Amino acid sequence: MAGQIYLDHAATTPVASEVLEAMLPYFSEIYGNSSSMHSFGRAAENALEAAREKAATVLNCAPDEIVFTSCGSESNNLALRGVAWEALRRECPPHVITTSVEHHAVLHTAEQLRDVFRCELTIVSVDQYGLVDPDAIRRTIRPNTVLVSVMAANNEVGTIQPIAEIAQITREAGVLLHTDAVQAAHQMEMNVEAFGVDLLTLSAHKFYGPKGVGMLYVRRGVDLTPSQSGGGHESGRRAGTSNAAGVVGMSRALALAMERRAEDVAHYQAMRDRLIEGVLSEISDVELSGHPMARLPNNASFVFKDVEGSALLIHLDAAGIAASSGSACKTGKPEPSDVLTAMGYDERWTTGGLRLTVGRQTTTEQVDYTLTVLPEVVERLRSSKV
Ligand SMILES: *Cc1c(COP(=O)(O)O)cnc(C)c1O
């Protein structure tokens with residue numbers, strides 16, 4: 001079984017066969033530039049607009065509220081910069097609110113808005129489960145607040161945020177709400193009206209679509225200053241020749257995710273809960289990280305006391321298990337995870353993060369094999385410590 005077990009679906013997923021099939025004609029048969037006037041261009045344009053309509057049906061929005069981008073990171077960049085730069089034309093300085101557990105594509109963009117574009121920024125903290133308190137958002141809103149950005153679900157610990165509640169607050173205050181729903185896409189209902197958001201980010205490769213394509217839902221009436229300028233693609237909101245194959249694949253993957261959601265979620269939950277129960281009962285000095293209930297169906301994440309996450313990953317990989325840790329390992333030096341730090345863990349815990357994220361192909365046998373390997377590895381790492 002070594003070398004076979006992929007438990008890192010939060011990092012990326014394989015392209016579903018139906019998705020690949022839908023994409024193939026758009027590489028060398030229907031290869032026109034969708035901006036061209038001729039029949040080749042129109043064929044690509046038709047595919048693009050059909051994909052937009054299909055995605056809009058899933059998201060419960062109008063097709064012209066969808067902007068296709070190159071990835072989830074770009075969608076987050078466009079949401080934050082687009083709104084803040086638009087506000088910079090009118091008032092100075094605009095205020096942006098986000099949280100301490102956002103993906104870096106949000107957090108670093110928000111910090112850049114503060115440091116380079118002189119926006120005001122508030123980073124709201126979270127509780128020990130990584131949960132944002134809607135009241136904390138309410139208290140932080142100022143007269144010059146233009147945007148709140150809170151992720152739908154966390155990529156590291158899987159905590160699901162109360163987006164609909166936060167949306168009531170932002171709506172009352174007349175402030176725009178963006179959510180990074182990249183992790184949530186195939187595991188929760190992706191209905192922009194149920195969320196009540198004004199902007200929503202998705203990335204295809206996190207829901208069995210291809211890498212290098214994403215989208216941003218932009219509610220009608222929300223003006224964005226494009227952060228990538230050039231031609232008038234995507235109604236002037238994002239310049240660059242459209243990736244027809246990618247967009248067709250993403251739309252197919254999104255529709256497929258919605259069709260399969262009940263089945264997928266039941267499977268993820270069964271695999272996840274088996275992992276969680278096994279780890280917590282077999283290993284000492286370990287905690288489930290993230291919220292015990294409000295968490296993504298596919299996310300089993302843990303913190304191990306006095307264990308180095310990067311060493312854990314190397315040993316698991318050697319045993320054929322692909323997993324992930326919250327802490328980024330730079331030149332061999334373990335860095336504490338920002339998310340775990342934000343959740344209040346001290347440094348005996350913050351480098352010992354382990355994220356196991358299951359997928360459509362995960363089996364009970366794979367989970368059970370992982371549960372035999374992991375306790376041994378943790379034991380070995382702990383006993384080798386002086
Ligand atoms: C993966 C991820 C992103 C980035 O998406 P890319 O398409 O890889 O750029 C953004 N936000 C979250 C929560 C993610 O998990």
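Everything below is about the structure shown above.
Residues numbered from 1 in each chain as written. Predicted model: local features only at pLDDT ≥ 70, side-chain atom pairs only at ≥ 80, totals over all residues. Heavy atoms only, no water.

Before going further, it helps to spend a moment on the state of the cysteines. Counted according to the given criterion, the structure contains zero disulfides. No disulfide involves Cys61; its sulfur sits 19 Å from that of Cys71, the nearest cysteine. Judged by relative accessible area, Cys61 falls into the buried class, the value being 16%. (Disulfide = S-S within 2.5 Å. Buried < 20%, exposed > 50% of the residue type's maximum accessible area, 1.4 Å probe, protein only.)

With that settled, the discussion passes to the site of the ligand. Around the ligand sit 13 residues, and of these Ser73, Asp180, Gln183, Ser203 and Lys206 come closest. Residue Asp180 places a side-chain N or O atom 2.6 Å away from a nitrogen atom belonging to the ligand. Within the side chain of His205, a nitrogen or oxygen atom sits 2.9 Å from an oxygen atom of the ligand. Take the shell around the ligand: its biggest share by element is three residues, from helix α4 (residues 72–88). (Near = heavy atom within 4 Å. Polar contact = N/O pair within 3.5 Å; in protein donor to acceptor, adjacent residues only side chain to side chain. Helix = DSSP H or I, 4+ residues; strand = E, 2+ residues; numbered from the N terminus.)

Here we have seven strands laid out as an open sheet, ordered β2-β8-β7-β6-β5-β3-β4, and mixed in their pairing. What marks the edges here is a single partner per strand, and that holds for β2 (66–69) and β4 (120–124). Each neighbouring strand pair of the sheet contributes to a mean axis angle of 20°, computed without reference to strand direction. In the sheet, strand β3 (residues 95–99) pairs with β4 via five bridges, with the strands oriented parallel. Following the sheet pairing, His95 is matched in β4 by Glu120. Packed onto the sheet, α4 meets β2, β3, β5 (145–149), β6 (176–180), β7 (199–203) and β8 (214–218) and runs at close to 160° relative to β7. In the packing of helix α10 (residues 244–282) onto the sheet, the strands contacted are β2, β7 and β8, and the crossing angle to β8 comes to about 70°. (Pairing = 2+ DSSP bridges. Axes fitted to C-alpha atoms, helices over the stretch in contact; angles between N-to-C directions. Contact = heavy atoms within 4.5 Å.)

On to the pattern of salt bridges, then. It is possible for side chains bearing opposite charge to pair when their charged atoms get close. Under the definition given, this model contains 17 salt bridges. With its nearest N and O atoms 2.9 Å apart, the salt bridge here joins Asp273 to Arg272. Overall, Asp273 belongs to the partly exposed group, its relative accessible area being 30%. The structure contains a network of salt bridges with shared partners spanning Arg260, Glu263, Asp264 and Arg360. (Salt bridge = Lys/Arg side-chain N within 4 Å of Asp/Glu carboxyl O.)

Bringing the packing of aromatic side chains into the picture now. Under the counting rule described, the total for this entry stands at four aromatic pairs. Residues Trp85 and Phe117 carry aromatic rings whose centres are separated by 5.1 Å and whose planes lie at 55° to one another, so their mutual orientation is tilted. Highlighted residues: Trp85 in helix α4 and Phe117 in the loop between α5 (104–115) and β4, separated in sequence by 32 residues. One cation-aromatic arrangement involves Arg360 over Tyr208; the distance from NZ or CZ to the ring centre is 3.9 Å. (Phe/Tyr/Trp six-rings, centres within 6.5 Å; stacked < 30°, edge-to-face > 60°. Lys NZ or Arg CZ within 6 Å of the ring centre and 35° of its normal.)

Attention now moves to the nonpolar core. In terms of nonpolar packing, the biggest core is built from 91 residues, with Leu59, Met190, Leu202, Phe304 and Leu312 touching the most fellow members. Residue contributions to this core peak at 13 residues, all from α10. Among the nonpolar cores identified, the runner-up in size contains 21 residues, and Val83, Leu113, Cys119 and Leu121 belong to it. (Core = buried A, V, L, I, M, F, W, Y, C linked by side-chain atoms within 4.5 Å.)

When a strand is regular, its side chains alternate between the sheet's two faces. Most of β7 is tucked away: five of the five residues are buried. The alternating pattern of β7 places Leu199, Thr201 and Ser203 on one face and Leu200 and Leu202 on the opposite face, and all of these are buried. Inspection of the sheet shows β6 paired to β7 by three bridges, in the parallel sense. Across the sheet, residue Asp180 finds its bridge partner in β7, namely Thr201. Relative to β8, β7 runs antiparallel, the two being bridged by five bridges. Looking at the pairing, Leu200 lines up with Tyr217 of β8.

Where α4 contacts α5, the two axes come as close as 9 Å, and the packing angle between them is 30°. One way to sum up the angle between α4 and α5 is to call them roughly parallel. Two packed elements cross with a definite hand, and for α4 against α5 that hand is right-handed. Two secondary-structure elements touch here, α4 through Ser73, Asn76, Asn77, Leu80, Arg81, Ala84 and Trp85 and α5 through Ala105, Val106, Thr109, Ala110, Gln112 and Leu113. Residues that form the contact of α4 with α5 fall into these classes: seven nonpolar, five polar and one charged. (Parallel < 35°, antiparallel > 145°, perpendicular 65-115°, else oblique. Left-handed = near helix turned anticlockwise from the far one by under 90°. Nonpolar A, V, L, I, M, F, W, Y, C, P; charged D, E, K, R; others polar.)

Counting through the fold element by element, Asn191 comes out in the loop between β6 and α8 (192–195). Every residue in contact with Asn191, bar those within four places of it in the chain, is listed here: Leu59 and Asn60.

Right, let's talk about the packing of α10 against helix α14 (residues 364–383) for a bit. Here α10 crosses α14 at 20°, and the two axes come no closer than 10 Å. On the basis of the axis angle, α10 is roughly parallel to α14. When you trace α10 past α14, the crossing you get is right-handed. Between α10, through Met271, Arg274, Leu275, Gly278, Val279 and Glu282, and α14, the contact on the second element is made entirely by Thr364, Val367, Asp368, Thr370, Leu371, Leu374 and Pro375. Broken down by class, the residue content of the contact of α10 with α14 amounts to seven nonpolar, three polar and three charged.

Turning our eyes to something else, we now look at unusual backbone geometry. Among all residues except glycine, the phi angle is most often negative; among peptide bonds, the trans geometry is most common. The phi torsion at Arg118 lies on the positive side, around 60°, for a residue other than glycine. Residue Arg118 is classed as exposed on the basis of its relative accessible area, which comes to 68%. Of note, Tyr208 is a non-glycine position whose phi angle comes to about 70°, a positive value. Its location among the elements puts Tyr208 in the loop between β7 and β8. You can call Tyr208 buried: its relative accessible area is 2%.

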